[in-house]
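Structural description and commentary
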Amino acid sequence: MFSKGPFLKDEDFDFLPDKLDVKLVLPDNADHFLVASACNIAFRLGMETTGYEGDIVAEEGYKGNAFVFENAAKTEMVLEESEKAVRVIVRGQGQELLDFTAYICEHFPSAAGFQNWRDVLMNMTDDFILRGADGQLAALDACGEEDEENTFTVYGSPEITEQQKSGFPRAVFENYKAGRQVYEKTYTLPWEVETFERILEEELYPKLRNGDRIRIQGAVSEDLEVREKLKAKIQEKVKEKGAETENLDIFCAYKQGFSWLDEKIIPSVRSSKPDKIEIFFKPFLPKGQKEWLDENGATPSYHNLKADNPDKWYDLPIRYLQELYPIEDVLVRELGLSRDDVVFLPYEGEEDITYRCKVYCGDEICLEETYRAWYSERPYMDEYPQMGKVHPSTGYITVSINGEESLSRRVRTDLEEIWDTYQAEVLPDCRKYIEEKYDGKITEDLQPFFQELLLDVTVSEPDYRVGCREDLISSLDALHEDMYFAGSDYFKNYGVQNINVMLDAPGLILPAIHKKEGPPVFRVVLSEKLTEKPCIVRNDEILCGQRERGEVSAWITRIAWEDSRPLVEIQTGCVADALLASYANLLQKGILHLSEELTYTGKIVFVSENGSKYESSIRGKKKCSKEKRIEDIDLHEKELIGYDMYRSIIEELKEVPGIEVFRTARSYTGRELYAIWIRPDKEGYISMTKRLTLHPSEIINARHHANEVSSTNASFILLRKLLTKEEYKELPEKLNLILVPMENVDGAAIHYELQKEHPFWKFHVARFNSLGKEFFSDHFRKDTIHSEAMGLSRLYERYVPDMIVDNHGVPSHEWEQQFSGYTSPSYKGFWLPRSLLYGYFWYVTDEAYKDNYPVNKEMEDVIADEIAKDGEMTALNKEWSKQFEKYAHAWMPKLFPADYYKNMINYWIPYKADPGHKYPSIRFPWITTVSYTSEVADETAQGDYLNLCARAHVAHDEATLRMLMCAKTPTECSFDCMGGRILARYKRRRPMIIR
């Protein structure tokens, strides 16, 4: 009645009704109660439209859409539909009718706060097809009594609570989405240290003679402690043979150039107190190629699908410079050099070397050394060699005896052994399982194919913090990224190659990596869902299971007034009477989730197709007190906030005055998403149509990618400022503001568990949801198994934002993947942090929306000015920008762009308006003026640094809010009355005017 539909039409597609297509039909003998009730309806209709033309009271013989008022003893509204019109018959008399219409006009179609009856009916439909938890409980109840011979197993929703289960003590409840092990395999692989020792035992020590002079150089992918132990053993063995070790260097095979400079060059020149160091690196190019190919890296490609050149190198020409990062900081710290005195240059000579280092004392060279790094070559994907080649680091041994080369051998690293197993056995095994499971008939809609592919690796590798900014030297962090993204690319390419569809939600690919000295152990566990769909089983017989949504229906046909509360009558289609009876019974008892989600309803009557009725009285949710001060809530400003901590904070915030906290959706695994509305201090009905017409609207979304952690902290810090600072006291009267503190709740739960062992890793496995899906693409879809995407879709429709700020993050340290060309193939431009904070503006280029661009530019200004006020943020922005320039932008400016404005980097991404685009400013440019993505370097931030990242988000959010609070909102306002017809229009023009 009071939202977009047959009565209220949106003809300019701005989500706000602008045409009223309904009239009021009153009897000739209408008394003042009937007229006053009609006025209630007319008022509410007027509050839900920005335009009206005609006469609200129907003329004689009118046959169109109408509210038809009738004097009657029973107070009710009844829906009557025909091919030509929709009519609501409003019956009643006296004060009761007036109270009824006033209550309906104040609350309908809201069922409880943010949730409206459309959402309730959709959930009921899912319940009736056994997709929802409430419906599964009702179906169990409808199955009849349990006894020793008739016990039921419910393969149901993860949303079924322990309290609900207690009502069915003899039933067994299983989360049908939970994992059941399909197979487990363990691979024990050779340890590179033992391989290194065995080669020496077999090929060196037998040759040694008394007095021999030995020089040994090698590399294994181990930390310094393990390599020192290895060196000590070698020294002892050589000494036993009576030989002398003139030189013994064992570098780390991972980032060999860094290891060489850190462990060999620095100790050699520390006492000389050098003034300058030049480091020449060899460009990493295929044989015969001289040209450095540069590509646009401002935005991710997201997909690594191109498979047409088996000779393509994934590695960049600056690969060997990348492997040196962050050596400048170490040289500055250890040798007292200035940053300008550390110079990187390309090596252009003909020698077979990777690096040449020249150390200057004054104008003289006091040390000049060279080093050759070792690598191997392999396809990026074994099964898809046409995708191209990668070149991971490898180990080696070189030995000379008395000045003559005696031994030169490659030593495969532990990670190479693991990677071979992953590519040759683990991924193909998983593919074969999928093909067998579906008899070779793979389709996109069958996803997820498995519940989890656990890649549990225990291995001895370097993993330590360098001591500058947030930098790490960690081949394990890199392996985690490689395993996740290569696994994801494997299934995407499998889909493209075989069914011409990208398979982007195969199931959760979950690396779990542990550091331990000794031989590597690779344990693989594949799990599948317990059942493909929810069902109830007795003695291995499926009694009932999930149906398709289109098979059933539910709609409201009548609202009556009983005991000063609405009674809602719901007609159903294709729903069994037994199921309806049980559903109504459990609802009456307060067992269903729905019991607490119907604040404004006293009773529901379900009507089956045969006319049978099943009645439920609604207990409703208790209204929580609004007496808690936000200053008294621990917002965990310097702690990484996981899902459980987030839910605890949300529950406390529900008791804080001045805000409305409400659930917007549930995730695939049943976790809850919440939003926070900064609510105006008004009682009763608030017309969002009028508020959105009068004031601009903004949604600040956080944690869409759950490993980008600081935006959740930022949301809560910002909220406290908004509720306590005097400058924001008038905000609710100037702006419609929604905060979403955590959108990707499943990813947040995954990330929180992983970071307990490795608190500073990037963990991009938690970037997406529990199925590995980038669910951004499912925003604005009416139905999706990735149900977390529904939250933002619902918020967009309700709050129709002029601006969406999506607070994101990037790695706080190097994003390297040595088995993928050293950089992540889909995110090459994101190899290195470029700033503490930078942003993306996604804007349209169409002439029709040319006024949107200046608003974006003004926002760029106010953010830059705000960040400039903070000395700590500005200093770190400058420091990171210099590193980005020195290692990346200066060499490949397109791949590593750096568009500076007032000491900040922003990227302007232009598009033509596109109704299918994922960014609202491109999809709905007549509505959303700005889609801004902020990026802070917070993967994964902890403690004080986490707080700094959060404060950077808060700073740009506050700057934007102050800008919006000062914005002017031009309107189109007109009113005329001619011949008894009203012509009225009050519509806000977008974009708003800034300044």
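Residues numbered from 1 in each chain as written. Predicted model: local features only at pLDDT ≥ 70, side-chain atom pairs only at ≥ 80, totals over all residues. Heavy atoms only, no water.

1. As for the overall build of the protein chain
A count of helical and extended segments in the protein chain gives 22 helices and 44 strands. Relative to the compact-globule value of 30 Å for 995 residues, the protein chain shows a C-alpha radius of gyration of 33 Å, a close match. Dimensions of the protein chain along its principal axes, counting C-alpha atoms only, are 125 × 75 × 55 Å. A total of 995 residues make up the protein chain; the buried ones form 60% of that total. (Helix = DSSP H or I, 4+ residues; strand = E, 2+ residues; numbered from the N terminus. Rg over C-alpha atoms; globule rule 2.2 N^0.38 Å. Buried < 20%, exposed > 50% of the residue type's maximum accessible area, 1.4 Å probe, protein only.)

2. Some words on the sheet that holds strand β27 (residues 521–529)
The strand order across the open sheet formed by four strands is β12-β27-β23-β26, and the pairing between neighbours is mixed. What marks the edges here is a single partner per strand, and that holds for β12 (179–188) and β26 (508–515). The mean angle between the axes of side-by-side strands here comes to 15°, regardless of whether they run parallel or antiparallel. Two strands pair when backbone bridges link them, and β12 and β27 are joined in this way by nine bridges, in the antiparallel orientation. Considered in β27, the bridge of Tyr183 is made with Leu526. Sheet strands in contact with helix α11 (residues 414–437) are β12, β23 (452–459), β26 and β27, and its direction is about 150° off that of β12. (Pairing = 2+ DSSP bridges. Axes fitted to C-alpha atoms, helices over the stretch in contact; angles between N-to-C directions. Contact = heavy atoms within 4.5 Å.)

3. Points about the nonpolar core
In this structure, Phe450, Met483, Phe522, Leu653 and Ile676 are the most contacted members of the largest nonpolar core, which totals 195 residues. At 13 residues, helix α22 (residues 943–965) tops the list of elements feeding residues into this core. In this structure, Leu8, Leu45, Phe108 and Ile160 belong to the second largest nonpolar core, which totals 65 residues. (Core = buried A, V, L, I, M, F, W, Y, C linked by side-chain atoms within 4.5 Å.)

4. Concerning unusual backbone geometry
The amide bond that connects Gln447 to the next residue, Pro448, takes the cis arrangement and shows omega of 0°. With respect to the secondary-structure elements, Pro448 resides in the loop between α11 and β23. Residue Thr940 is bonded to the preceding Glu939 through a cis peptide linkage, with omega at -10°. Locating Thr940 in the fold gives a position in the loop between β42 (930–939) and α22. Located in the positive-phi region is Asn539, a residue other than glycine, with phi close to 50°. Relative to the helices and strands, Asn539 resides in the loop between β28 (535–538) and β29 (541–545). Taking relative accessible area as the criterion, Asn539 reaches 53% and is therefore assigned exposed. In this structure, Arg703 takes a positive phi of about 60° despite not being glycine. Looking at where Arg703 falls in the secondary structure, it is placed in the loop between β36 (697–702) and α16 (710–724). A relative accessible area of 0% means that Arg703 is categorised as buried.

5. Notes on the side chain of Ser259
In this fold, Ser259 is placed in helix α8 (residues 256–269). Only 3.0 Å separates the side chain of Ser259 from the backbone nitrogen of Cys252, close enough to count as a polar contact. Those residues in contact with Ser259, other than ones at most four positions away along the chain, are Arg227, Phe251, Cys252 and Lys264. (Polar contact = N/O pair within 3.5 Å; in protein donor to acceptor, adjacent residues only side chain to side chain.)

6. Observations concerning the packing of aromatic side chains
What the rule picks out here adds up to 59 aromatic pairs. On the basis of an interplanar angle of 45° and a centroid distance of 5.1 Å, the ring pair of Phe284 and Trp313 is categorised as tilted. Of this pair, Phe284 sits in the loop between β15 (276–281) and α9 (319–322) while Trp313 is found in the loop between β15 and α9, placing the two residues 29 residues apart along the sequence. Judged by relative accessible area, Phe284 falls into the buried class, the value being 4%. Judged by centre distance (5.7 Å) and plane angle (55°), the rings of Phe485 and Tyr827 are tilted. Of this pair, Phe485 sits in helix α12 (residues 475–499) while Tyr827 sits in the loop between β38 (803–811) and β39 (837–844); the two residues are 342 residues apart in sequence, bridging distant segments of the chain. Look at Phe485 and you get buried, because its relative accessible area is 7%. Classification of Tyr827 as buried rests on a relative accessible area of 4%. Among the aromatic residues, those joined into a cluster by ring pairs are Phe251, Trp260, Phe284, Trp313, Tyr320, Tyr355, Tyr371 and Tyr375. In this structure, Lys276 is placed above the aromatic ring of Tyr360, and the distance from its NZ or CZ to the ring centre is 5.8 Å. (Phe/Tyr/Trp six-rings, centres within 6.5 Å; stacked < 30°, edge-to-face > 60°. Lys NZ or Arg CZ within 6 Å of the ring centre and 35° of its normal.)

7. Considering the sheet that holds strand β13 (residues 213–220)
The mixed open sheet is built from four strands, whose spatial order is β14-β13-β21-β22. Unpaired on one side and paired on the other, β14 (244–252) and β22 (404–411) mark the two borders of the sheet. Taking each pair of neighbouring strands and ignoring which way they run, the sheet shows an average axis angle of 10°. Where strand β21 (residues 395–401) lies against β22, seven bridges are found, and the strand directions are antiparallel. Directly across from Ile397, in β22, lies its bridge partner Arg409.

8. Re the environment of Asp914
Among the secondary structure elements, Asp914 is positioned in the loop between β41 (904–911) and α21 (920–923). Expressed as a C-alpha distance, the spacing of Asp914 and Leu305, which sit 609 residues apart in the sequence, is 24 Å. Ignoring sequence-local partners within four residues, the contact set of Asp914 consists of Ile922 and Arg923. From its side chain, Asp914 meets the backbone nitrogen of Gly916 in a polar contact 2.9 Å long.

9. Some points on the packing of α11 against α12
The N-to-C vectors of α11 and α12 enclose an angle of 30°; their axes lie 11 Å apart at closest approach. One element, α11, and the other, α12, form an angle in the roughly parallel class. The crossing of α11 and α12 is right-handed. Residues Leu415, Ile418, Trp419, Tyr422, Leu427, Pro428, Cys430, Arg431, Ile434 and Glu435 of α11 pack against Ser475, Leu479, Asp482, Met483, Ala486, Gly487, Tyr490, Phe491 and Tyr494 of α12. Here the residues of the contact of α11 with α12 sort into 14 nonpolar, two polar and three charged. (Parallel < 35°, antiparallel > 145°, perpendicular 65-115°, else oblique. Left-handed = near helix turned anticlockwise from the far one by under 90°. Nonpolar A, V, L, I, M, F, W, Y, C, P; charged D, E, K, R; others polar.)

10. So, the pattern of salt bridges
All chains considered together, the criterion is met by 106 salt bridges. In this structure, Glu417 and Arg412 form a salt bridge, with 3.1 Å as the shortest nitrogen-oxygen distance. Since its relative accessible area comes to 28%, Arg412 is described here as partly exposed. Connected through salt bridges with shared partners, the residues Glu159, Glu597, Arg647, Glu651, Lys654, Arg663, Arg666 and Glu672 form a single ionic network. (Salt bridge = Lys/Arg side-chain N within 4 Å of Asp/Glu carboxyl O.)

11. Quick look at the UniProt feature "domain: Peptidase M14" (unreviewed entry) in the protein chain
Following the UniProt record, one finds the feature "domain: Peptidase M14" (unreviewed entry) at residues 655–761. From the first C-alpha to the last, residues 655–761 spans 36 Å; its make-up is 31% helix and 24% strand. (UniProt positions renumbered as here; feature names shortened; annotations may be inferred.)

12. Side note on the pairing of strand β35 (residues 672–678)
If a strand is regular, its side chains alternate between the two faces of the sheet. Burial of β35 is extensive: seven of the seven residues sit out of reach of the surface. Taking every second residue as pointing to the same face, both faces of β35 are buried, with Glu672, Tyr674, Ile676 and Ile678 on one and Leu673, Ala675 and Trp677 on the other. In this sheet, β35 lies alongside strand β34 (residues 659–666) in antiparallel orientation, the contact comprising seven bridges. Following the sheet pairing, Ile659 is matched in β35 by Ile678. Hairpin connection, β34 to β35: the antiparallel pair is bridged by five residues, and Gly670 has positive phi, about 95°. The sheet contact formed by β35 and strand β37 (residues 736–740) spans two bridges and is antiparallel. For Trp677, the partnering residue across the bridge sits in β37 and is Ile738.

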